[in-house]
2 protein chains.
Amino acid sequence: MIPFAYTLLQRDPHTGARAGHFSTPHGEIPMPAFGPVGTQGAVKAMSPEELEEAGASLILANTYHLYLRPGAALIARLGGLHTFMNWPHPILTDSGGFQVFSLEGLREVDEDGVTFRSHIDGSEHRFTPESVVATQEQLGADVIMCFDECAAPDNRAYSEAAMERTHRWAVRCHEAQTRSDQALFGIVQGGIYPELRAKSARFLVELDLPGYAIGGLSVGESKAEMHAMLELVAPLLPEDKPRYLMGVGSPEDLFEGVSRGIDLFDCVLPTRLARNGGLLTRQGRINLRNAQYAEQAGPIEEGCDCYTCQHYSAGYVRHLLKAREIFGLRLASIHNVRFMLRTMGEIRQSILDGTFAALREEFLSEYRIIPHAAREAERARYRSGTRSLKRPQVAGNGSLGGAIEDER
Amino acid sequence: MIPFAYTLLQRDPHTGARAGHFSTPHGEIPMPAFGPVGTQGAVKAMSPEELEEAGASLILANTYHLYLRPGAALIARLGGLHTFMNWPHPILTDSGGFQVFSLEGLREVDEDGVTFRSHIDGSEHRFTPESVVATQEQLGADVIMCFDECAAPDNRAYSEAAMERTHRWAVRCHEAQTRSDQALFGIVQGGIYPELRAKSARFLVELDLPGYAIGGLSVGESKAEMHAMLELVAPLLPEDKPRYLMGVGSPEDLFEGVSRGIDLFDCVLPTRLARNGGLLTRQGRINLRNAQYAEQAGPIEEGCDCYTCQHYSAGYVRHLLKAREIFGLRLASIHNVRFMLRTMGEIRQSILDGTFAALREEFLSEYRIIPHAAREAERARYRSGTRSLKRPQVAGNGSLGGAIEDER
């Protein structure tokens with residue numbers, strides 16, 4: 001068996017979409033795939049069995065969060081992340097680059113690495129490309145990520161400098177890797193600047209890594225800008241390696257990304273939305289906390305095959321969310337994760353069947369997309385509110401004030 | 001079939017313990033039994049399937065909470081509580097008396113009923129014996145409770161007046177009942193005063209109700225006082241009816257209560273403790289948040305057959321609790337509920353086998369009991385802290401500030 005081989009099964013005749021699978025030591029990932037995010041070692045509110053039932057083939061975890069708490073060495077001593085989480089299928093760990101660079105005012109970058117303060121207790125820490133690889137080797141995921149510098153999308157000079165540093169760090173990550181049972185993916189950076197993105201893709205392809213991610217997107221740029229970058233970068237990446245669009249996205253993003261050759265996605269959106277009462281349906285996102293659902297005896301979505309819709313009325317789930325019941329967060333999360341995974345399953349099957357373009361047209365004509373401005377406002381609210389990665393509680397008791405939010 | 005028949009299977013030769021079962025329209029409840037509490041229509045953090053797997057034969061819900069939100073008429077329109085919660089087994093609803101009388105300063109009692117303000121939004125409401133029965137008929141539980149006045153345990157005059165009113169209200173509840181598929185239980189009151197308790201038991205027995213509860217205990221009196229009341233009251237209750245000790249209790253309380261002839265218990269303790277990191281073991285309660293469990297690769301309790309202990313290390317569950325992950329609340333709750341139900345199952349089997357006294361001695365010699373003072377301090381902390389039944393947010397957004405706590 002060739003470890004980490006991407007097998008291409010079918011190419012869509014009308015778009016850049018492709019179907020295949022990626023082999024890992026913990027099983028095959030059918031692609032295109034969507035990975036639910038278990039930032040701190042658990043997909044929020046969900047059990048491994050519920051994730052399996054929802055159709056998850058891989059899940060993600062976060063190096064920054066797990067490094068800080070409970071610590072990667074501890075996880076290694078308890079048998080590694082698969083055992084720790086009781087997830088026997090593929091896991092991908094993000095490198096923590098995105099999180100560290102989100103800590104504005106609390107981190108200082110130099111050529112060798114980044115010094116930052118913990119969002120939990122304000123303690124000082126340092127990440128280097130070598131340390132991040134070592135941490136990910138302790139965690140033991142199947143796919144690990146290079147340590148990258150994620151620049152704001154609208155500053156060309158910084159985007160270029162960050163991209164160049166990301167390249168030098170990718171070389172160091174590659175050289176630092178000691179385990180052969182983990183696939184180290186490179187991360188293409190370069191903001192919204194075509195020439196930078198092209199340069200980044202070409203540089204990383206030279207390293208001959210087993211997979212490539214496209215980073216630094218879905219961070220505030222427009223959808224058109226994101227699509228342009230995907231259209232530019234994907235064709236520059238090798239056909240025999242998976243292409244991973246990091247931190248994306250919404251249901252419509254799956255179609256847009258797959259159309260442009262993306263094989264892998266991850267996002268906290270389904271679980272985070274769920275906890276705030278945002279439920280995904282083929283017609284678009286609904287706010288289940290609205291009064292109109294109070295008396296709905298039918299499920300959240302007619303015909304949905306998820307555990308929630310098979311067993312509970314929309315009225316019940318709404319009640320639990322209004323009453324802040326934990327079980328409501330579970331039921332909403334299960335529905336949304338199943339929605340994303342079922343949609344991705346339909347996408348993959350349609351590529352195999354040669355009907356992807358039709359499915360895409362049908363889906364996008366039905367699905368009401370949240371306008372960019374509303375989406376950005378929501379993101380800003382979330383960042384300034386419960387997310388609090390930027391607001392450490394130095395003297396605190398080790399917990400985020402009132403927040404059970406701590407994703408991506 | 002006789003509805004609501006209590007069948008006595010075995011009497012313990014050495015104590016007042018007895019084993020039997022109670023038939024309801026939704027199945028038999030093997031007794032003695034412990035009922036996990038789903039105050040707002042969900043046992044906190046747990047699914048019906050998890051409750052079944054943990055061995056629950058009945059669960060409780062609360063009339064006060066469900067009346068306020070989402071409303072009993074709404075639940076009736078959505079098919080009743082069993083359908084609403086997806087729990088096809090027996091359900092018991094408490095009458096809300098305990099909750100309403102907990103609203104000190106926010107309720108006014110008169111002979112006809114109680115006017116009170118909602119802890120959710122400060123709105124004014126009124127409960128009468130008739131309205132509370134009507135509400136419980138809308139909810140549709142198998143066992144419903146009389147509306148009672150729960151007095152502070154240390155005031156004889158108030159205890160007597162409250163008891164007398166409870167008796168008059170019991171008669172009215174009994175007369176108000178229109179559904180024959182629900183068992184209306186009477187509630188013995190009388191504080192810690194033997195003559196009042198005896199009078200209350202005798203009065204209620206005259207009503208020939210299908211079951212009797214002992215209320216107003218575990219509200220601050222000593223264990224010795226509670227035991228004395230049980231020893232007095234249980235023998236006055238009919239042998240062919242179940243005896244229910246409300247709101248009790250801890251693992252040791254199960255043994256003490258069963259020894260004194262109690263058939264049914266309920267308490268939020270296992271789930272509330274779990275969410276605060278308190279895990280039940282045969283040696284007593286442990287605080288899983290303590291550093292000593294960080295590296296524990298074994299389960300929370302060796303030999304435990306719960307889902308949590310079968311699949312996760314203590315170190316993982318501790319990490320999730322420290323990181324405020326919802327899945328940690330689930331895993332801890334599952335362990336504690338299974339602990340209570342397994343213990344109750346062992347108690348019942350030992351009665352059937354004639355070995356209850358030995359099991360009781362073994363259990364109580366191993367299990368480290370929380371001292372009364374510490375328990376009361378904990379209760380006081382909880383009441384003044386997250387519970388907030390006494391502190392309505394009149395102008396709020398309809399949710400308890402920051403609290404996902406909302407249990408009896």
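Notes on the structure in this doc start here. Remember, predicted model here, so these are calculated numbers, not experimental data.

1. A few points about the packing of helix α13 (residues 314-322) of chain A against helix α14 (residues 326-353) of chain A
Residue and element names in this part refer to chain A.
Here is step 1: Running from N to C, α13 and α14 cross one another at 130°; their axes reach a closest spacing of 7 Å. Considering their axes alone, α13 and α14 lie oblique with respect to each other. In this structure, the crossing between α13 and α14 has a hand that is left-handed. Along the contact surface, α13 presents Val317, Leu320 and Leu321, while α14 presents Phe327, Gly328, Leu331 and Ala332.
Here is step 2: When the residues that make up the contact of α13 with α14 are grouped by side-chain class, the tally is six nonpolar, one polar and no charged.

2. As for the pairing of strand β5 (residues 59-62) of chain B
All names here are of chain B.
Here is step 1: Neither face of β5 is left uncovered, since the one carrying Ile59 and Ala61 and the one carrying Leu60 and Asn62 both have all their residues buried.
Here is step 2: Where β5 and strand β6 (residues 91-94) come together, four bridges link them in parallel fashion. Bridge assignment links Asn62 to a residue of β6, and that residue is Asp94.

3. Considering unusual backbone geometry
Leave glycine aside and you will find that most residues have negative phi; peptide bonds, for their part, are mostly trans.
Residues and elements named next belong to chain B.
Here is step 1: The step from Met31 to Pro32 runs through a cis peptide bond, and the omega angle for that step is 5°.
Here is step 2: Cis geometry is adopted by the peptide bond preceding Gly249, which originates at Val248 and carries an omega value of 10°.
Here is step 3: On the secondary structure map, Gly249 appears in the loop between β13 (243-245) and α10 (251-259).
Here is step 4: Phi angles above zero are rare outside glycine, and Asn86 is one such case at about 60°.
Here is step 5: Mapped onto the elements, Asn86 comes out in the loop between α4 (81-85) and β6.
Here is step 6: Assessed through the 16 C-beta atoms surrounding it within 10 Å, Asn86 is described here as partly exposed.

What counts and what doesn't
Residues numbered from 1 in each chain as written. Chains lettered and ligands numbered in written order. Predicted model: local features only at pLDDT ≥ 70, side-chain atom pairs only at ≥ 80, totals over all residues. Axes fitted to C-alpha atoms, helices over the stretch in contact; angles between N-to-C directions. Helix = DSSP H or I, 4+ residues; strand = E, 2+ residues; numbered from the N terminus. Parallel < 35°, antiparallel > 145°, perpendicular 65-115°, else oblique. Left-handed = near helix turned anticlockwise from the far one by under 90°. Contact = placed C-beta atoms within 7 Å. Nonpolar A, V, L, I, M, F, W, Y, C, P; charged D, E, K, R; others polar. Buried ≥ 20, exposed ≤ 12 C-beta atoms within 10 Å, placed from the backbone. Pairing = 2+ DSSP bridges.

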